[in-house]
Amino acid sequence: MDTSSPAAFVNGGLLRMHVGRKVRTVIQVTRSDAGSVMGKSTDGCQLVVRGSPPAPLTSYVEVIGVAENENSIRAELWTNFGDSFDASNYDQLCQLANGELKHLFL
Amino acid sequence: MPVNLTRNAIAMMNSGDVNSKPLVQVVDIKLIGNSQERYRFLLSDSESTQHAMLATQLNEQVRTGRVKKGSIIQLIDYICSTVQNRRIIVVLNMETIIPEYEIIGNPKLLMGSEPEANKSMPNNNLFEPSTRSTNNRYSAPAPANKAQSFQPTIQPAYQPPPNYKIQGPIMKNEAPARIIPIAALNPYQGRWAIKARVTAKGDLRRYNNARGDGKVFSFDLLDSDGGEIRVTCFNAVVDRFYNVIEVGKVYLISKGSLKPAQKNFNHLKNEWEIFLESNSTVELCPDEDGSIPRQQFSFRPITEIESAENNSILDVIGIVISVNPSVPILRKNGMETQRRILNLKDVSGKSVELTLWGDFCNKEGQKLQEMVDSGLFPVLAVKAGKVNDFNGKSIGTISSTQLFIDPDCPEAQGLRAWFESGGRNTASISISKEIMPGGSKNEIRKTLTQIKDEGLGRSDKPDWVTAKATVVFIKTDNFCYTACPLMIGDRQCNKKVTQSGNKRWLCDRCNQEFEECDYRYLLQVQIQDHTGLTWVTAFQEAGEEILGCSAKEMYLLKYELQDDTRFGEIIRSRLFHQYLFRLKIKEELYGDEQRVKITVVKVDKVNYSAESRYLLDMVTKNLPNRKQF
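Every chain begins its residue count from 1, and numbering advances along the sequence as written. Naming scheme: in the order in which they are written, chains are lettered from A and ligands are numbered from 1. Local features in a predicted model are, by the rule used here, given only for residues with pLDDT of at least 70; side-chain atom pairs are given and counted only at 80 or more, and totals for whole chains, interfaces and linings are based on all residues. Just so you know, side-chain values use all the structure's heavy atoms and leave hydrogens and water out.

On to the overall build of chain B. In this description a helix means any DSSP run of H or I spanning at least four residues, a strand means any run of E spanning at least two, and both kinds are numbered starting from the N terminus. On a plain count of helices and strands, chain B comes out with 14 helices and 30 strands. Remark: exposure states derive from per-residue accessible area (1.4 Å probe, protein chains only) relative to the maximum for the residue type, with buried under 20%, exposed over 50%, and partly exposed in between. Here chain B holds 629 residues, and 44% of them are scored as buried. Residue pairs at least 24 apart in sequence account for 63% of intrachain contacts in chain B once pairs closer than 6 positions are excluded. Here the Shrake-Rupley method, with its probe set to 1.4 Å, supplies the accessible areas, and only the displayed protein chains count as covering residues. A total of about 34,200 Å² of accessible surface is found on chain B, and carbon and sulfur atoms cover 49% of it. Here a residue-residue contact requires only that any non-hydrogen atoms of the pair lie within 4.5 Å.

Take the overall build of chain A next. A tally of helices and strands in chain A yields 1 helix and 6 strands. Reading the secondary structure of chain A in the N-to-C direction produces β-β-β-β-β-β-α. Evaluated residue by residue, chain A yields a buried proportion of 40% over its 106 residues. In chain A, the proportion of contacts linking residues at least 24 apart, taken out of those at least 6 apart, comes to 51%.

So, about the packing of helix α11 (residues 551-560) of chain B against helix α12 (residues 564-573) of chain B. Residues and elements named next belong to chain B. Here an axis means a line fitted to C-alpha atoms, over the contact stretch when the element is a helix, while the angle between two N-to-C directions is reported on a 0 to 180 degree scale. Between α11 and α12, the least distance of the axes is 8 Å, while the angle of their chain directions is 145 degrees. Along this stretch, α11 crosses α12, giving a crossing that reads as left-handed. Each of M554, L557 and K558 in α11 lies in contact with α12, whose residues at this interface are D564, R566, F567, I570 and I571. Ten residues, namely Ala, Val, Leu, Ile, Met, Phe, Trp, Tyr, Cys and Pro, are considered nonpolar, four, namely Asp, Glu, Lys and Arg, are considered charged, and the remaining ones, Gly among them, are considered polar. Partitioning the contact of α11 with α12 into residue classes produces 5 nonpolar, no polar and 3 charged. Handedness of each helix crossing follows the sense of rotation of the near helix against the far helix: counterclockwise by less than a right angle gives left-handed, clockwise gives right-handed.

Residues and elements named next belong to chain B. Strand order in the open sheet formed by 3 strands is β24-β25-β26, and the pairing between neighbours is antiparallel. Since the sheet does not close on itself, it has two edges, and those belong to β24 (498-500) and β26 (512-514), each with one partner. On average, each strand axis in the sheet is tilted by 40 degrees relative to the strand beside it, whichever way the strands run. The pairing of β24 with strand β25 (residues 504-507) spans 3 bridges and is antiparallel. Opposite S500, over in β25, you have R504 as the bridge partner. Whether two strands pair comes down to DSSP finding at least two bridges between them.

Turning our attention to the nonpolar core. Of all hydrophobic cores here, the largest spans 46 residues; its most connected members are V471, I474, M554, F581 and L583 of chain B. Ranked by size, the runner-up nonpolar core spans 25 residues in total, among them F219, I229, C233 and L258 of chain B. Side-chain atoms within 4.5 Å link the members of a nonpolar core, which is a set of buried Ala, Val, Leu, Ile, Met, Phe, Trp, Tyr and Cys residues.

Of the strand pairs in this sheet, strand β1 (residues 8-9) of chain A and strand β2 (residues 22-33) of chain A are connected by 2 bridges, and their pairing is parallel. Among the inter-strand pairings, A8 of chain A is bridged to a residue of β2 of chain A, identified as V23 of chain A.

Facing 7 residues of chain A, the contacting portion of chain B comprises 9 residues. Between chain A and chain B the total buried area reaches about 670 Å² when both faces are included, carbon and sulfur atoms providing 58% of it. Salt bridges are counted wherever a side-chain nitrogen of Lys or Arg sits within 4 Å of a carboxyl oxygen of Asp or Glu. There are 1 salt bridge connecting chain A and chain B. Notably, a salt bridge pairs R613 of chain B with D86 of chain A, separated by 3.5 Å at the nearest N-O pair. Summed over both partners, the accessible area (1.4 Å probe) lost when two parts come together is defined as the buried area.

Residue and element names in this part refer to chain B. Following the sequence through the fold, S326 ends up in the loop between β13 (313-323) and β14 (327-330). Taking C-alpha positions, S326 is 8.9 Å from L356, a pair spaced 30 residues apart along the chain. When neighbours within four sequence positions are excluded, S326 is seen to be in contact with Q338, R339, R340, C361 and N362.

Residues and elements named next belong to chain B. Regarding helix α8 (residues 410-420), the residues found buried are A412, L415, W418 and F419. Down the axis of α8, the sector holding all buried residues measures 125 degrees, keeping them to one side. Against β13, β15 (336-345) and β17 (379-388) lie the buried residues of α8. Arc definition: it is the arc formed by the directions from the helix axis to the C-beta atoms.

Next up on the list: the state of the cysteines. Pairs of cysteine sulfur atoms within 2.5 Å are what we label disulfides. In the structure shown here, the tally under the stated rule is 0 disulfides over all chains. This cysteine, C480 of chain B, is not joined by any disulfide, and C517 of chain B carries the nearest cysteine sulfur, 8.9 Å off.

This part covers the packing of helix α1 (residues 87-98) of chain A against helix α13 (residues 608-621) of chain B. In a pair of packed helices, the angle between the axes and the distance between the axes together describe the arrangement. Interaxial distance between α1 of chain A and α13 of chain B falls to 10 Å at its minimum, and their mutual angle equals 30 degrees. By the criterion of interaxial angle, the relationship of α1 of chain A to α13 of chain B is roughly parallel. Crossing handedness for the pair α1 of chain A and α13 of chain B: left-handed. When α1 of chain A is examined against α13 of chain B, the residues N89, Q92, L93 and L96 of chain A are found in contact with a partner set consisting of S609, S612, R613, L616, V619 and T620 of chain B. In the contact of α1 of chain A with α13 of chain B, the residues fall into 4 nonpolar, 5 polar and 1 charged. Orientation is classified from the angle alone, with under 35 degrees giving roughly parallel, over 145 giving roughly antiparallel, 65 to 115 giving roughly perpendicular, and any other angle giving oblique.

Next up on the list: α12 of chain B. Residue and element names in this part refer to chain B. When we look at burial in α12, the residues that qualify are F567, G568, I570 and I571. Down the axis of α12, the smallest arc covering the buried residues is 160 degrees, so these residues share one side. Relative to its buried face, α12 has exposed residues pointing more than 90 degrees away, namely T565 and R572. In this fold, the buried residues of α12 make contact with β20 (463-474), α10 (540-547) and α11.

This brings us to the pairing of strand β30 (residues 593-605) of chain B. Residues and elements named next belong to chain B. Bridge count between strand β28 (residues 533-539) and β30: 2 bridges; the pairing is parallel. By the bridge assignment for β30, A538 is matched with V600. Sheet analysis places strand β29 (residues 578-590) next to β30, joined by 12 bridges and oriented antiparallel. Along β30, the bridge assignment pairs L589 with Q594.

Written out as structure tokens, the structure is:
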């Protein structure tokens, strides 16, 4: 497993804690243009992801990239997560990964 | 040894003296009272006598023989009162000084208004009762004669005539015994008579034991108060009464002995049983006594049977919804008997399986079969059925069971009315199927090592748990068995069948042969989780979920087509799948040792969303920070 550049699990609210660093998150796509995708984070924030999304794009997509600011990410890797996804579970994961169980994550 | 009873003790007590603590003699003891055990003494001071009631706390002394007729006692605590114009002493505390002694002197009953008589003209002062008395229980010819040999200082020196009898209301009464309720019968009763209807008559049984040959029969009685008792006769007594007793008739019975009931065979609500003897009397009462019911039931709704104890005896009534044919069954003792299974349904919305054994199959069972076959749904009342908890709860007949088809009782009418006005169409849940406790809300999650560490399955009820694990090995030898496809009620028989002849199969339970048998899974699977691994057994439904195809397909593939390659591929493809296993864990005896057997009752694919929620919940519950509060 390549641990050279770990990405922190974030939701909309936690993105600001990792500006300039590698992050990963799952968004529900609301709009998709050439060059960027707008989506809702698992805690309900509007995020912008810059880059070239895969075609076709499913409703939920995971992006791994660098946090530009508190609501935008420059994507390096896109993964389609399908059309059904449990957002609340993911959100709780993000909170644990940044909070009480931070020590368990890279 | 000369004994001096307290002179004039009786007169003193009667005039109110409660402090003298006199020495008196017990001339007679009589047990009186139907519902309560009360003893009445006749006390003597050697000249006069007086009745005295013994306080119940002293009853033990009479029962154990510490005080008896002739005992010399000292009254320590007593009161004197007037009851029906007679003075009666109540003894609250006494002590037996000499347990056995000849009757001292010539005591006579002291009546309240009569003058004291300590003079000696016995013939003039004899109290003559008007009732017949042939019994000389209290005659004192022998003791009177012996009384001459000792010289009590107080006694007047005279010789009572040899045929002297103490007479009074204490003599034996030859009048017919009063009829008492069955509920009042007990071994200390004294004379009793009961009037009751025969509700059941047992078969005449012959037996042979160390003492030789014998015969016995029993019958059950019910009286107008609802009391029930069993009556048993042995040997010669059987000859006297066997043909006299008929079910449904009312008899007056007296002079039997009362002994503790044998709870193994006698399920009536009575701690005693009557044993008739050579001097017992049984008289038929020809007048129809409407006050005595024909039968007494205490029906339990089927829903209550679900929580009844295994082997308990109860009455139940229901509509017969299905009757299966009679099949011969080989019992453990090598004897063959008949068995029929029926299903009963009642207003509680539940149904129960009733198993008829032996003669019930041919008599009531056959009748019920005919009725159901012709479209009827009869009411069946069962008296004294036994609860069995092998598969859920069911009821079976025992030797003392009685079955009543369409009985004329209010419960039957109520059931019929319910059935006709909709009960017929309401679905009922059978309590005779294995129940899996706990829905998804009550699921207990365990890891595989917890099963062993926590000793699950060792109590008398099985443990039901859920475990998330992965299939790591499936045993391919004997992965299925040949099963009986015939239906018993609404369930498939599924018993293992044996080959009979060339291409036919035989089922012992259904006693039928057929060409095609069913194939059902009996899979031994090894499952593993992060804590450990264990073997489990999966039956049909669980097996199909694990292997993804029917047992019959796999059987044909392996044994008919003999395509081991394909067979192996299928097996391999099913390994390393993770499931949520609902497990039934129970310790069972295998030969000599107790082994914990785990059966897969249900296999569910893991729902990742739900499972994640479960795991997140577990994580947050166990976070150390929370405990700091």
